[in-house]
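Here's the letter readout for the chains.
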Amino acid sequence: MKKKLVAGFLATAMVATALTGCGKKDDDKKEESKDKVEVTADDKGEIKVWVADNTVDFTKQQVDKFMEANPNYKGYTVSIEPVGEGDAATNMITDVEGGADIYGFAQDQLARLVSAGAIAPVSAASAEWITAQNDAGAVGAATVSDTVYAFPITSDNGYFLYYDKSVISDPSTLEGIIADCEKAGKGFYMEINSGWYDTAFFFATGCKLEYGLDKEGNFNSSSITYATEDGVKALKAMINLHKSKAFYNGSAVANAANAAAVVSGTWDSGAAQDMFGANYACAKLPTFNVDGKDYQMSGFGGFKLLGIKPQTDSKKYIVCQDLAKFLSNEETQLARYDAVGWGPSNKAAQQNDKIKTDPALSALAEQLAFTIPQGQYPGDYWSLAQALGDSIISGDYDKSSDDDLMKVLQDFQSTCESYAK
């Protein structure tokens, strides 16, 4: 398998050179023309695409449009399979050769994919197109050490507040929301045993959680400040939340029985509208108060990307790259919003009136002003953060002193730091 993957990278590099010719001297142009690859209607191949389950039908429609617009690719058969963004990277890393040729994934998986040789860099021309078309956060999410590896398709992978406006009188403070929920006998849902959601508290108080990467996508440095007074404040806020009788640990609207407020993302907008009906409302995350001081809840801002695995067939690589580009362009991103409600990363699409007036996307846009673009994180971090949240939910820290909580965070931080040594 390793030899095939190396060959795949060489084929990718050859195609990228053929497509761009960037930096070539005149003496090199003749050689470049020899290597240039052209796909014709006589060429054949099979392309496997993995996308989220709720976008399978939409993607099939878009692939049909792409093939109709590119008759020289008619010899290629494209199959669409439902594999969620959270599972795609793990599946690719487990079996690169048997994985999809094009796959959607969440940005936090990019480092793992690069390190495992499961994703090919895009061509220089595609990198320029991606940079010009998409917002800066999405471009950064698709990049490792100045190399662009993926095509952004959304800039909406963050979280905010869905709420029932007949119950919640003021969504601006966590204390007010909890009071309204307790009074009405309703639930407030937030997933605090999650390294993604708990940053809403830690980043709010000023904590840092950052990792550096080498060119191969390996973690080689960290800057983490959880074991500080700021970290203790964040941990105390999470403990206080779990103590409320209105609190339920969870983020899926479909599982939020008797809820008046749910912290989730745009993927849940349809379910939230169905649940709250005429009382459906959205807002940025609220502030919370610890030791007499208010903090604006923060968190991660995230993105969905399309990656291409390394190919040994240079012609197939060209088709894959053109298809990924089509599936991530302005028109397709707007059509995807219409179909499943995903918010675009394309800058022109973001200015469309239907995007700017969407309640969920508007709330997310307001929240993103307070968030940190999600970088790359070791897989073990997510398990460690889950364990911390589980301990909070179990009541392990309910009677802990600030000194005790500092010790908990010192252990947490030192373990996080060990992942980059």
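Engineer: I would appreciate a short explanation of the pairing of strand β6 (residues 150-154) in the present structure.
Structural biologist: Two faces belong to every sheet, and in a regular strand the side chains alternate between them. Taking burial as the measure, the 5 residues of β6 include 5 buried ones, the bulk of the element. Inspection of the sheet shows β6 paired to strand β17 (residues 304-308) by 4 bridges, in the antiparallel sense. The partner of A150 across the bridge, within β17, is G307.

Engineer: Can you help me understand the packing of aromatic side chains in this one?
Structural biologist: Geometrically, a pair of aromatic rings is defined through the distance of the ring centres and the angle of the planes. Under the criterion given, the structure shown has 23 aromatic pairs. Here W196 and Y197 contribute two aromatic rings whose centre-to-centre distance is 5.2 Å and whose plane-to-plane angle is 80°, an arrangement assigned as edge-to-face. Both residues of the pair, W196 and Y197, belong to the buried class. Through pairs of rings, three or more aromatic residues link up here, namely F203, Y211, F219, F300, Y377, Y381 and W382. Taking the ring centre of W342 as reference, the NZ or CZ of K304 above it sits at 4.5 Å.

Engineer: Where do I start with the state of the cysteines in this structure?
Structural biologist: Linking two cysteines covalently via their sulfur atoms produces the bond known as a disulfide. Evaluated as defined, the whole model comprises 0 disulfides. Of all cysteine sulfurs, the one in C282 lies closest to C181, which takes part in no disulfide; the gap is 15 Å. With relative accessibility at 0%, the residue C181 sits in the buried group.

Engineer: Would you take a moment to explain the sheet that holds β6 for this structure?
Structural biologist: Sheet strands pair by backbone hydrogen bonding; their relative direction is either parallel or antiparallel. Across the sheet, which stays open at both edges, the 5 strands sit in the order β2-β1-β3-β17-β6 with mixed pairing between neighbours. The open sheet has two edge strands with one neighbour each: β2 (76-82) and β6. For this sheet, the mean angle separating the axes of adjacent strands, direction not counted, is 25°. Against the sheet, helix α4 (residues 85-94) makes contact with β1 (45-51), β3 (102-106) and β17, and its axis sits at roughly 120° relative to β3, the strand it touches most.

Engineer: Before we go on, may I ask you to explain the nonpolar core in this structure?
Structural biologist: Nonpolar side chains in soluble globular proteins tend to end up buried together. Formed by 60 residues in total, the largest nonpolar core has its most connected members in F188, M190, F201, Y226, L241, F288 and Y381. Sort the elements by how many residues they give to this core and helix α10 (residues 229-243) lands first, with 7 residues. Among residues more than four places away in sequence, those in contact with F188 are L161, L174, I177, I178, C181, L241, A246, F247, Y248, A261 and V263. With 56 residues, the next largest nonpolar core counts A100, L306, I308 and L327 among its residues.

Engineer: Looking at this model, I keep getting lost on empty space enclosed by the protein. Mind explaining?
Structural biologist: Rolled over the atoms, a probe with the dimensions of a water molecule shows which regions are left empty. Inspection of the entire model under this criterion finds 1 cavity of 30 Å³ or more. Reported here for the largest cavity is a volume of approximately 90 Å³. For the largest cavity, the lining is made up of 15 residues, of which V51, I153, L306, R336 and W342 are closest to its centre. Listing elements by their share of the lining of the largest cavity, those giving two or more residues are β1, β3 and β17. Here the element with the most residues in the lining of the largest cavity is β17; it accounts for 3 residues.

Engineer: Where do I start with the sheet that holds strand β13 (residues 280-283) in this structure?
Structural biologist: Taking strand neighbours across the sheet as the criterion, the 5 strands line up as β11-β8-β12-β7-β13 in an open arrangement whose pairing is mixed. Edge positions in the open sheet fall to β11 (247-248) and β13, since each of these has one partner strand only. Here 2 bridges tie strand β8 (residues 187-189) to β11, and the two strands are oriented parallel to one another. Of the residues in β11, the one forming a bridge with F188 is F247.

Engineer: What's the story with the layout of surface pockets in this structure? I'm lost.
Structural biologist: For the largest pocket, the calculated volume is near 760 Å³. Taken together, 27 residues line the largest pocket, and the ones lying closest to its centre are G86, N157, W196, Y197 and W267. Where the lining of the largest pocket is concerned, the elements lending two or more residues are α4 and α17 (379-393). At 3 residues, the largest contribution of residues to the lining of the largest pocket is made by α4. The residue makeup of the lining of the largest pocket, split by class, is 8 nonpolar, 13 polar and 6 charged. Counted as a void, the second largest pocket has a volume near 380 Å³. If you go around the second largest pocket, you meet 20 residues; those closest to its centre are D135, S155, Q350, A365 and L368. Looking at the lining of the second largest pocket, the elements with two or more residues in it are α15 (353-356), α16 (359-368) and β18 (372-373). Among the elements that line the lining of the second largest pocket, the one with the most residues is α16, at 5 residues. Tallied by class, the residues present in the lining of the second largest pocket amount to 9 nonpolar, 9 polar and 2 charged.

Engineer: What is the right way to look at the environment of N249 in this model?
Structural biologist: As for its placement among the helices and strands, N249 is situated in the loop between β11 and β12 (259-264). For N249, a relative accessible area of 30% gives the class partly exposed. Considering only alpha carbons, one finds N249 and A272, 23 residues apart in sequence, at a separation of 17 Å. If we skip the residues at most four places from it in the chain, N249 touches M190, E191, I192, N193 and I393. Reaching out from N249, the side chain makes a polar contact with the backbone nitrogen of I192 at a distance of 2.7 Å. Reaching out from N249, the side chain makes a polar contact with the side chain of N193 at a distance of 2.8 Å.

Reading the values: rules and limits
Residue positions are counted from 1 within each chain, in the order its sequence is given. A pLDDT threshold of at least 70 governs which residues receive local features in this predicted model, and a stricter bar of 80 or more applies before side-chain atom pairs are shown or counted, although totals over entire chains, interfaces and linings include all residues. Side-chain measures here rest on the full set of heavy atoms in the structure, leaving out hydrogens and waters. Buried, partly exposed and exposed residues are distinguished by accessible area as a fraction of the type maximum, computed with a 1.4 Å probe on protein chains only: under 20%, between the cut-offs, and over 50%, respectively. Strands here mean DSSP runs of E at least two residues long; helices mean DSSP runs of H or I at least four residues long; both are numbered from the N terminus. Two strands qualify as a pair provided DSSP detects at least 2 bridges between them. Stacked, edge-to-face and tilted labels apply to pairs of Phe, Tyr and Trp rings (six-membered ring for Trp) whose centres lie within 6.5 Å, assigned for plane angles under 30 degrees, over 60, and everything in between, in that order. A ring has a charge above it when a Lys NZ or an Arg CZ is no more than 6 Å from the ring centre and no more than 35 degrees off the ring normal. Working definition: a disulfide is two cysteine sulfur atoms within 2.5 Å of each other. With axes taken as lines fitted to C-alpha atoms, and helix axes fitted only over the stretch in contact, angles between N-to-C directions fall between 0 and 180 degrees. Here a residue-residue contact requires only that any non-hydrogen atoms of the pair lie within 4.5 Å. Side-chain atoms within 4.5 Å link the members of a nonpolar core, which is a set of buried Ala, Val, Leu, Ile, Met, Phe, Trp, Tyr and Cys residues. A cavity, in this analysis, means grid points on a 1 Å lattice covering only the protein atoms where a 1.4 Å probe fits yet has no way out; a pocket is instead an open set bounded by protein on both sides within 12 Å along at least five of seven lines, and a residue lines either one if it has an atom within 4 Å of a point. Grid points are joined across faces, edges and corners, and a volume is the space filled by probe spheres set on the points. Gly counts as polar in this scheme, as do all residues outside two lists: the nonpolar Ala, Val, Leu, Ile, Met, Phe, Trp, Tyr, Cys and Pro, and the charged Asp, Glu, Lys and Arg. In the analysis that follows, any N or O atom pair within 3.5 Å is treated as a polar contact, provided that within protein one partner can donate a hydrogen and the other can accept it, and provided that, for residues neighboring in sequence, both atoms belong to side chains.

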